[in-house]
Every structure is written in C-alpha cells, then in structure tokens.
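Commentary on secondary and tertiary structure
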Amino acid sequence: MLLPGLKAARSRAGLTQEQLASVAGISSATVFKHEQGQVKGVSGKTLQALSRALGVDTTALFLPPNSEGSE
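Small disclaimer: the values here were computed from a predicted structure and weren't measured.

Attention shifts here to the confidence of the model for the protein. In this model, the protein carries a mean pLDDT of 90, and residues with pLDDT of at least 70 account for 92%. Per-residue pLDDT, averaged within each element of the protein, yields its smallest value for helix α3 (residues 28-36) (94) and its largest for helix α2 (residues 17-24) (98).

Below, the structure is given as structure tokens:
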C-alpha cells in the first residue's frame, strides 16, 4: 500500500529515514520501502508507529504530498 504522504511528512518533521525509523521503532529499510512504494501493504502497527513518530494523523500518510499545506 502506497504511503504518498510519508516522505513529505518526514521532510516537514526534519527527519532522515534513519531518524524516523529509530523514533518509530522500525527499520530504516521499512521506511525506505514505504517511501518508494515497494511494499504491497502496511501493518496497522507500522502505520501507527510512523504517524506517532511524525506527529500526524494516519490519514495524512495516504494523502498526496502536495495536498497538505500547499496553499
């Protein structure tokens, strides 16, 4: 499942992939794969960890990067 808003949310938070992975308690490879759309699904646990680490609602991770805060 593609998380198009993940990279944008990470950039807004000022985190590298490695930093986000550390804060979220997941591997940096997982962050990379989700940002690149290389995985077919995302577990609820991973989704919650990412959104919590980024301080965003889980739905923000599914939004296109330019749809949030673009105006």
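Structure's up, so let's keep going.
Within the fold, Glu35 resides in helix α3. Among the polar contacts made by the side chain of Glu35, one reaches the side chain of Arg10 at a distance of 2.5 Å. Excluding residues within four positions of it along the chain, Glu35 makes contact with Leu6, Lys7, Arg10 and Gln17.

Counting residues in each nonpolar core, the largest one holds 16 residues, and the members touching the most others are Leu3, Leu6, Leu20, Leu50, Leu54 and Leu61. Contributions of two or more residues to this core are made by α1 (6-13), α2 and α4 (44-54). The element best represented in this core is α4, accounting for five residues. Those residues in contact with Leu61, other than ones at most four positions away along the chain, are Leu3, Pro4, Gly5, Leu6, Ala9, Leu47, Leu50, Ser51, Leu54 and Val56.

Reading the values: rules and limits
Residues numbered from 1 in each chain as written. Predicted model: local features only at pLDDT ≥ 70, side-chain atom pairs only at ≥ 80, totals over all residues. Heavy atoms only, no water. pLDDT = per-residue confidence, 0-100. Helix = DSSP H or I, 4+ residues; strand = E, 2+ residues; numbered from the N terminus. Polar contact = N/O pair within 3.5 Å; in protein donor to acceptor, adjacent residues only side chain to side chain. Contact = heavy atoms within 4.5 Å. Core = buried A, V, L, I, M, F, W, Y, C linked by side-chain atoms within 4.5 Å. Buried < 20%, exposed > 50% of the residue type's maximum accessible area, 1.4 Å probe, protein only.

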